[in-house]
Amino acid sequence: MAFAANGGMLVKNAKKWTFLTNHAMVLNCIARGPSATAWEISMAIGIQERSTRRIIADLVEAGYVSTQKEGRRNRYAIQEHLPLRHPNNSATEVGDLLRILNPKRHKRSSGRSKESG
């Protein structure tokens, strides 16, 4: 479903794009549910599970996310202190982006880091 900037009216033939990359969307889903499976994340953001797994691997390889096994599932921890990757955004930390995307979650946690639960 696409919405125009002119008062939120539905535009049927508008190009579908978002302000966030799939990497940012996956990271945000992990922030909301650290125990979510790749399938659950892929369903939430509308991409293939295989793509989700590749993105998670990218995030782990770059050090933005770490994994810990919990039974048959992985539990993810986000390294919120790391800067965003693009040089134009490198003064902004991952945690800053997540706080913008999830303001209620961060108010409840009152400063706790992702790694401490």
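Structure first, text after, so check above.
Residues numbered from 1 in each chain as written. Predicted model: local features only at pLDDT ≥ 70, side-chain atom pairs only at ≥ 80, totals over all residues. Heavy atoms only, no water.

**Some thoughts on the overall build of the protein chain**
What counts, and what does not: To qualify as a helix, a DSSP run of H or I must reach at least 4 residues; to qualify as a strand, a run of E must reach at least 2; elements of each kind are numbered from the N terminus. In this scheme, a residue with accessible area under 20% of its type's maximum is buried, one over 50% is exposed, and one in between is partly exposed, where area comes from a 1.4 Å probe on protein chains only. Residue exposure ignores everything except the shown protein chains as possible cover, and the areas themselves are Shrake-Rupley values with a 1.4 Å probe.
Within the protein chain, the regular secondary structure consists of five helices and two strands. Starting at the N terminus and walking to the C terminus, you meet the elements of the protein chain as α-α-α-β-β-α-α. Burial status across the protein chain gives 30% buried among its 117 residues. Surface accessibility of the protein chain: about 8400 Å² in total, with carbon and sulfur atoms responsible for 53%.

**Here we look at the environment of H86**
Worth spelling out the cut-off: We define a polar contact as two N or O atoms separated by no more than 3.5 Å, with the added condition that, inside protein, one atom must be a possible hydrogen donor and the other a possible acceptor, whereas residues neighbouring each other in sequence contribute only through side-chain atom pairs.
Checked against the element boundaries, H86 lands in the loop between β2 (73–78) and α4 (94–101). A polar contact of 3.0 Å, which involves the side chain of H86, links it to the backbone nitrogen of N88.

**Focus on the packing of helix α1 (residues 22–32) against α4**
Stated formally: In this analysis, axes come from line fits to C-alpha atoms, helices being fitted only over the stretch in contact, and the angle between any two N-to-C directions falls in the range 0 to 180 degrees. Roughly parallel means an angle under 35 degrees; roughly antiparallel, over 145; roughly perpendicular, 65 to 115; everything else is oblique. Contact criterion: two residues are considered in contact whenever any of their non-hydrogen atoms come within 4.5 Å of each other. For this scheme, ten residues count as nonpolar: Ala, Val, Leu, Ile, Met, Phe, Trp, Tyr, Cys and Pro. Four count as charged, namely Asp, Glu, Lys and Arg, and the remainder, Gly too, count as polar.
One can describe the packing of α1 onto α4 by two numbers: an axis separation of 11 Å at closest approach and a directional angle of 75°. When the axis of α1 is compared with that of α4, the two are roughly perpendicular. Facing α1, whose interface residues are L27, N28, A31 and R32, α4 presents V94, L98 and L101. Considered class by class, the residues forming the contact of α1 with α4 number five nonpolar, one polar and one charged.

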